[in-house]
Amino acid sequence: MFLHLFTFEIRYWLRQPMVYVFLLVNILMFTWAGASDDLTIGGTFGNIHKNAPYVVQNNYGIWCIFALLMTTAFVQSAAIRDFTYKTNQIVFSSPIRKFDYLAGRFFGSFLVSLIPFLGISIGIILGSWVGEMTGATDAERYGPIVWSAHLNSFLIFAIPNTFLAGAFIFMLAALTRSAITAFIGAIVLLVAQLIAGTFLSDVENEHLAVYFDALGYGPFQLITKYWTVSDKNTRSVGLTEGQELINRVIWVAFGLLLLAITYVRFSFEEKVKKVRKKRRELVTDDAAAAGKAVFGPLHSLPNVTLNYGWSAQWVQMIRVFKTDFWGTVKGTAFIVILFAGLLNMGFSLQYASKFYGLSSYPVTYQVIQLIRGTLALFLFAIIIFYSGTIIWKERDADLDQIYDAMPHRNWSVFVGKFLAMMGIVTIIQVMCIGAGVLTQVLMSYPNVELGQYVVEFLVIDLLRYAPIIMLSMLTHTLLNNKYVAFFIVIALLIANAYVWTPLDVQSNLVQYNASPNYQYSDMNGWGPFVASFAWFRVYWSLWTSVLAMAAILFWVRGKDSSWDSRLLGAKQAMNGTNRLIVTGLAVAILLVGGFIFYNTNVLNRYETAKVREKQQVAYEQKYKRYAHRPQPRIADVNYTIEVYPEKRNLIVNGDYILVNRAATPIDSVHIVLPNRLDYSINLDRAKLAMNDSLLSYRIYTLSPALAPGDSLRLRFTTRRQAIGFENEVKYTKEVNQNGSFFNNFDIAPQIGYQEQGELSDKNDRKKYGLPEKARMPKLERNCTGDCMDTYLSNNSDWVMVETTISTSPDQIAVAPGSLLKEWRANGPDGQPRRYFHYKLDHPSLNFYSFISARYEVARSTWKGIDVEVYYDKKHPYNVRDMTESIKGSLAYFTEHFGPYYHKQARIIEFPRYASFAQAFPVRCPIQKASALFPGLILKRTSIW
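## Let's talk about the packing of aromatic side chains
Then comes step 1: All told, the structure shown has 61 aromatic pairs when counted by the stated rule.
Then comes step 2: Centroid distance Tyr101 to Phe266: 6.0 Å. Interplanar angle 20°. Geometry classified as stacked. Of this pair, Tyr101 sits in helix 5 (residues 98-113) while Phe266 is found in the loop between helix 12 (242-265) and helix 13 (277-289), placing the two residues 165 residues apart along the sequence. Take Tyr101 and Phe266: they sit in the same class, and that class is buried.

Listed below in structure tokens is the structure:
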């Protein structure tokens, strides 16, 4: 009997399309990843072959998490099929042994669950062939097929993990006879793995992965941690590795234990639900009252006025909202899923005060990032699952004919259901806020920013989730199969996430539900991102309304759900108010979309990544021949800079002294213009011979040529004017409302060909037929030409810099050198401004920065050297430690390396639009999160 049930289970599934759909999805995904760099699974691997054994096994290990849902679909169906089709009493009354029944069902579905894993190997092999044949990927990036890697991947990942997950899901489904419980079990298993991953990510605990990593990926990472590129291209991890073998034996044994529990607890007997005591009393009372004649006087029925107007429709909508909302949030499935998500989030939040291995305050934006990172998967699962369940609720309960016959409008039902889904998400978001605030309070953080929580979770996130909810609900409305609709929704979301990159489309007007990336900063709030983000949210909210109208027009009522009938119904409904709404939405989308396009594509430059990549290729192909052409070198620099933080505008007037240090005359000067700013250049005795505006490259001819040792002046004006808003907000670090931070490479023309403008990725260079980049010259004892340039610049010597910089009256501007003078006066626009005059005290590298913000300054001295820390008023933390660190550095380095030639040593805070600390002459700008929170003590800071 076991063999009969086992083969029946396999034959049943091989006749179902789901097996082949899952297999095809895996093949397509891994073929795409293997043939192109547009899709990566499990990260990028640099010089490792795209089909290397390590990549194969890494893909299997990563995909086991996603394959959990596929395994659940097969195993839970096998466990409860008889209960679903009401055949359990017939089957259970037949002469069949419990062991044969359970083992046949489980092992048949277990074997079928392994079939989609074949898609990984097929996809990787097929992707290698497609990549080579089409030229999408260079042939050198593929190695030979190592079959042992595919076999070992099945042995250490696919088979054990499917067995473990399948045993757990089968146990839950067989004992509870509920599909919902089985899916909840899958989520619980996923949460357990994520929690274990969080715990084992600590270097002190990583050795415990051998025992506690249920999916075996942790031991795999431990074994391959110190493998070389050659090892990863040739070797694979198998059961001969002790750590992996121990892990697999432990968790397969645990799976067998789960199956044993299933066998012991499972019964062929029909379960009788217990009736509550109160309900039994009511039933008894009703039975006692039955048969008793109750007589009374007849009364006339009250007059009822039927109301079908707008007020009644609003009441109906509110009732639908309340019914679906409370029915969902009180459900056991929702509570368990939410609890699992919160449990996973709780384990992650315990690391909110950890920062680069040290302790720090759990600042609000960091807590928000942790919550989003840990809860996103569960929130999407809830959205996808319940948005479909709410649409199908009446049809699944076979109440749709009664419900559809009721006097209600389609819009009141659909909008009520949509609001119920938004209410469900809102409840989750409110709980996230509570968890974040509680975490900060428990960790004694003194500055809980409730406003930031509200904006992030209840404004920004809800505006982002609404279009996803609407897309899912529309899909379930249009399709007549719930499970096909689930698959289509997931497929649409995956396609929207990945398909635009190979198509080279980066416009937020086209990518569904897209909006510009933004970065919150304590110094600026949402500062430069607000306008762009708000307009795109308005745009996609209008599209969400259009999808809602489509769902309302095609809403299913009655048993006739054919497309002919629904199209006819939509045409009939497309009149009066509905026609007016759809027309208004169409006009609004055209107006808002046109306004956004004008700002992002006309007023501002729109470039995709591939366009920029091709421009870099053209730059190298056209101008690389000038790389070693003698050019004058910058010897002396003078700047007059005007920073307008509120408008995000910048004007730079520069004056360079260029000197010919070469042994031959120079007849032309080549200039590269960075960042596509507006440049005006005046070069002594020069004539513009070539101006490549696309690649920002100019050539000026000199008459007469610049003799060796001779010099000339280069004067330039750089303007950066913010106009409208962009598709992706740029130049945020350089100029913003509070904390503008730019260096001379950001604002000044560069002399000569600049290798920084070339493609740097080895694989990208091969794709375009470019040679490998040359390495830096070897060290020479008697170095001449190769030692003329630093790693920073190929066009200057050590220079003296003098700067006059002005900014808003409430800000402090900092430039390299000593502050010679500070004053206030009206600027060119007639508005009050604050001026600062700085000058270097000693020649330095031609790499320095300029900063403007509303600073507090901590000042002290060390042996005549001014020690200064510029910080935001809200971040007084660590200032004393940083001051002492500078002094300690000055003392140590003076003793061991030599005197400090400048008269100041500064540390300056800037917003988190970039994350680094960088040494310039006199100062060390540092991103605020890097060192300005308690526990992050700067040991020694060198700004020599």
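## Observations concerning the pairing of strand 16 (residues 849-853)
Then comes step 1: Extensive coverage of strand 16 is indicated by the burial of five of its five residues.
Then comes step 2: By the alternation rule, side chains of strand 16 split into Ser849, Ile851 and Ala853 and Phe850 and Ser852, which are all buried.
Then comes step 3: Where strand 13 (residues 812-814) meets strand 16, three bridges bridge the pair, whose relative direction is antiparallel. Its bridge partner lying in strand 16, Val814 is registered against Ile851.

## A closer look at the sheet that holds strand 10 (residues 740-743)
Then comes step 1: The three strands lie next to each other as 10-16-13, forming an open sheet whose pairing is antiparallel. Only two strands of the sheet have a single neighbouring strand rather than two, namely strand 10 and strand 13. Between one strand axis and the next, the sheet turns through 10° on average, direction left out of account.
Then comes step 2: Relative to strand 16, strand 10 runs antiparallel, the two sharing four bridges. When the bridges of strand 16 are listed, Asn743 appears paired with Ser849.

## Points about the domain arrangement of the protein
Then comes step 1: For the protein, the domain assignment lists domain 1 (1-267), domain 2 (310-602), domain 3 (607-770 + 792-853) and domain 4 (855-943).
Then comes step 2: Each of domain 2 and domain 3 has a C-alpha centre, and these two points are 45 Å apart.
Then comes step 3: Between domain 2 and domain 3, the residue contacts involve 21 residues of the former and 19 residues of the latter.
Then comes step 4: Overall, the association of domain 2 and domain 3 removes approximately 1,600 Å² of surface from exposure, summing both partners, and the carbon and sulfur fraction of that is 51%.
Then comes step 5: Summed over the three residues of domain 2 that lose the most area to domain 3, namely Asp504, Gln506 and Pro528, the buried surface amounts to 31% of that side.
Then comes step 6: Connecting domain 2 to domain 3 are zero salt bridges.
Then comes step 7: In this assembly, domain 2 and domain 3 are joined by 12 residue pairs in polar contact (both at pLDDT 80 or more).
Then comes step 8: Contributing elements (two or more residues each) for the side of domain 2 that touches domain 3: helix 21 (500-503), helix 22 (530-553) and helix 24 (577-603).
Then comes step 9: For the side of domain 2 that touches domain 3, the element with the highest residue contribution is helix 24, accounting for four residues.

## So, unusual backbone geometry
For residues besides glycine, phi is generally negative; the peptide bonds are generally trans as well.
Then comes step 1: Cis geometry is found at the peptide bond from Ser703 to Pro704, where omega equals 0°.
Then comes step 2: Here Pro704 lies in strand 8 (residues 697-706).
Then comes step 3: Of note in the backbone geometry, Asn513 takes a positive phi value of approximately 65° without being a glycine.
Then comes step 4: For Asn513, a relative accessible area of 13% gives the class buried.

Rules used throughout
Residues numbered from 1 in each chain as written. Predicted model: local features only at pLDDT ≥ 70, side-chain atom pairs only at ≥ 80, totals over all residues. Heavy atoms only, no water. Phe/Tyr/Trp six-rings, centres within 6.5 Å; stacked < 30°, edge-to-face > 60°. Helix = DSSP H or I, 4+ residues; strand = E, 2+ residues; numbered from the N terminus. Buried < 20%, exposed > 50% of the residue type's maximum accessible area, 1.4 Å probe, protein only. Pairing = 2+ DSSP bridges. Axes fitted to C-alpha atoms, helices over the stretch in contact; angles between N-to-C directions. Domains from an automatic or database assignment. Contact = heavy atoms within 4.5 Å. Buried area = accessible area lost by both parts, 1.4 Å probe. Salt bridge = Lys/Arg side-chain N within 4 Å of Asp/Glu carboxyl O. Polar contact = N/O pair within 3.5 Å; in protein donor to acceptor, adjacent residues only side chain to side chain.

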